[in-house]
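The chain contents come next:
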Amino acid sequence: MILLCLDVSNSHTSIGAFDMSPAPTDEDGLIEHWQVSSDERRTADEWQVLITGLAARSGIDSIDAVSMCCTVPSILVELRSMQERYYAGLPVAVVGPGVKTGIPIHTDNPREVGADRIVNALAAAELYGGPAIVVDLNGTATIFDVIDADNRYVGGAIAPGVELSLEALASRGAQLRSVELAVPRDVVGKNTVEALQSGLVFGFAGLVDGMVNRIIDSLGADPDHVTVIATGSFPGSVVDHCETITTRDPYLTLTGLRLIHDKNHG
């Protein structure tokens, strides 16, 4: 049995295929994964052609179940249309109201919490246990999600992403330009390129460490007993310089979607 998982964010879409026979544990069963752009112009039929093409190249000739989360409303409309046309009758879980997640959400308005944040929190709680902090680094945003010692999702924080910040600097700074996200020779840049790289790499590493330490203080937890998980399409150059990250799990969201499938169709 092949389970197709889709994690659609503002800039990128992660797609994974799990072999569910026999039922795997943790990230076991992930037999293939791909990353594509989140193009709002892509139609339901185009999504299906893209997915089946990627699957066929990996020797996957059939899909038996689907689990997905999407934070882009216009894309979600097309994905639902794709599901209704091509996967009708199959077990399908679209993270949102009415879907079992198995994790208590302790926020002012649970319905406004992003689907991907709930999926990440579920995976962190099930795989690592609380207290835990998920640091989801992607191009658009740097997202912190917090699970307390009782495995409850209690909220988090959102900051700009590395790529978004670089694009803003390049477009708004008259003498600035886009640069490669690489580690400069020193934190003190000797030219404009190195100065930008220093601010992005060391600046965002400092952002992550500063926020993680403040969150741990807010939880009143022992830092040695808090798991801090980096996930998303994170730049390795940034994560390499984060002192508070304890675990890297690039497939955390896909694993969470597998868990969502288990809880709704297991």
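Before going into details, it helps to say that this report is about the structure given with it.

Quick notes on the rules
Residues numbered from 1 in each chain as written. Predicted model: local features only at pLDDT ≥ 70, side-chain atom pairs only at ≥ 80, totals over all residues. Heavy atoms only, no water. Pairing = 2+ DSSP bridges. Helix = DSSP H or I, 4+ residues; strand = E, 2+ residues; numbered from the N terminus. Phe/Tyr/Trp six-rings, centres within 6.5 Å; stacked < 30°, edge-to-face > 60°. Lys NZ or Arg CZ within 6 Å of the ring centre and 35° of its normal. Axes fitted to C-alpha atoms, helices over the stretch in contact; angles between N-to-C directions. Contact = heavy atoms within 4.5 Å. Expected span 1.5 Å × (residues − 1). Buried < 20%, exposed > 50% of the residue type's maximum accessible area, 1.4 Å probe, protein only. Arc of directions from axis to C-beta. Core = buried A, V, L, I, M, F, W, Y, C linked by side-chain atoms within 4.5 Å. Disulfide = S-S within 2.5 Å. Parallel < 35°, antiparallel > 145°, perpendicular 65-115°, else oblique. Left-handed = near helix turned anticlockwise from the far one by under 90°. Nonpolar A, V, L, I, M, F, W, Y, C, P; charged D, E, K, R; others polar. Salt bridge = Lys/Arg side-chain N within 4 Å of Asp/Glu carboxyl O.

### Remarks on the sheet that holds strand 6 (residues 132-137)
- An order of 8-7-6-9-10 is seen for the 5 strands of this open sheet, with the pairing classed as mixed. Looking at the sheet topology across the chains shown, the edges are occupied by strand 8 (153-160) and strand 10 (247-248).
- When strand 9 (residues 227-231) meets strand 10, the two strands line up parallel, connected through 2 bridges. Residue pairing in the sheet places Ala230 in a bridge with Arg248 of strand 10.

### A few points about the packing of aromatic side chains
- Tallied over the entire structure, the rule returns 0 aromatic pairs.
- One Lys or Arg, Arg42, reaches over the ring of Trp47 and ends 4.6 Å from the middle of that ring.

### With respect to the sheet that holds strand 2 (residues 12-19)
- Read across the open sheet, the 5 strands follow the order 3-2-1-4-5; overall the sheet is mixed. Of all strands in the sheet, those with a lone pairing partner are strand 3 (30-37) and strand 5 (92-94), marking the two edges. This sheet shows a mean twist of 10° between the axes of neighbouring strands, independent of strand direction.
- Bridge analysis of strand 1 (residues 2-8) against strand 4 (residues 65-70) gives 6 bridges, and the strand direction is parallel. Residue Leu4 lies in a different strand from strand 4, and its bridge partner there is Val66.
- Its contacts with the sheet put helix 2 (residues 73-86) on strand 1, strand 4 and strand 5, and the angle it makes with strand 4 is roughly 170°.

### Describing helix 2
- Between its terminal C-alpha atoms helix 2 stretches 20 Å, which fits the 20 Å expected from 14 residues at 1.5 Å a residue.
- Ile75, Leu79, Met82 and Gln83 are the residues of helix 2 that are buried. In a view along the axis of helix 2, the buried residues occupy a sector of 100°, so they form one face of it. Pointing more than 90 degrees away from the buried face of helix 2 are the exposed residues Pro73, Val77, Glu84 and Arg85.
- Those residues of helix 2 that are buried lie in contact with strand 1, helix 1 (44-57), strand 4 and strand 5.

### What about the nonpolar core?
- Ranked by size, the top nonpolar core spans 28 residues in total, and within it Val95, Ile103 and Leu257 carry the most contacts.
- Those elements giving two or more residues to this core turn out to be strand 1, strand 4, helix 3 (115-127), strand 6 and helix 7 (252-265).
- Per-element tally for this core: the top contributor is helix 3, with 8 residues.
- With residues up to four places along the chain from it excluded, the contact list for Val95 reads Met68, Cys69, Ala115, Val119, Leu257 and Ile260.
- In this structure, Leu4, Ile15, Leu54 and Cys70 belong to the second largest nonpolar core, which totals 25 residues.

### Quick notes on the state of the cysteines
- The tally for this structure, following the rule as stated, stands at 0 disulfides.
- The thiol of Cys69 is not disulfide-bonded; the next cysteine sulfur, from Cys70, is found 7.8 Å away.
- A relative accessible area of 1% means that Cys69 is categorised as buried.
- Accessibility expressed as a relative area gives 12% for Cys70, which makes it buried.

### Things to note about the packing of helix 1 against helix 2
- The contact between helix 1 and helix 2 brings their axes to 8 Å, and the two run at 70°. One way to sum up the angle between helix 1 and helix 2 is to call them roughly perpendicular. Handedness of the crossing formed by helix 1 with helix 2: right-handed. Along its contact with helix 1, which presents Ala44, Asp45, Trp47, Gln48 and Ile51, the element helix 2 presents Ile75, Glu78, Leu79, Ser81, Met82, Arg85 and Tyr86.
- Residue composition of the contact of helix 1 with helix 2, by class: 7 nonpolar, 2 polar and 3 charged.

### Quick word on the pattern of salt bridges
- Tallied over the full model, the rule gives 9 salt bridges.
- Within the structure, one salt-bridge network assembled from shared partners comprises Asp148, Asp150 and Arg152.

### Remarks on the environment of Leu127
- Looking at where Leu127 falls in the secondary structure, it is placed in helix 3.
- Each C-alpha atom of the pair Leu127 and Thr255 lies 9.3 Å from the other, and the pair is 128 residues apart in sequence.

### Re the environment of Glu84
- Following the sequence through the fold, Glu84 ends up in helix 2.
- In this structure Glu84 comes out as exposed when scored by relative accessible area, which is 55%.
- Residues Glu84 and Val8, 76 residues apart in the sequence, show an inter-C-alpha distance of 18 Å.

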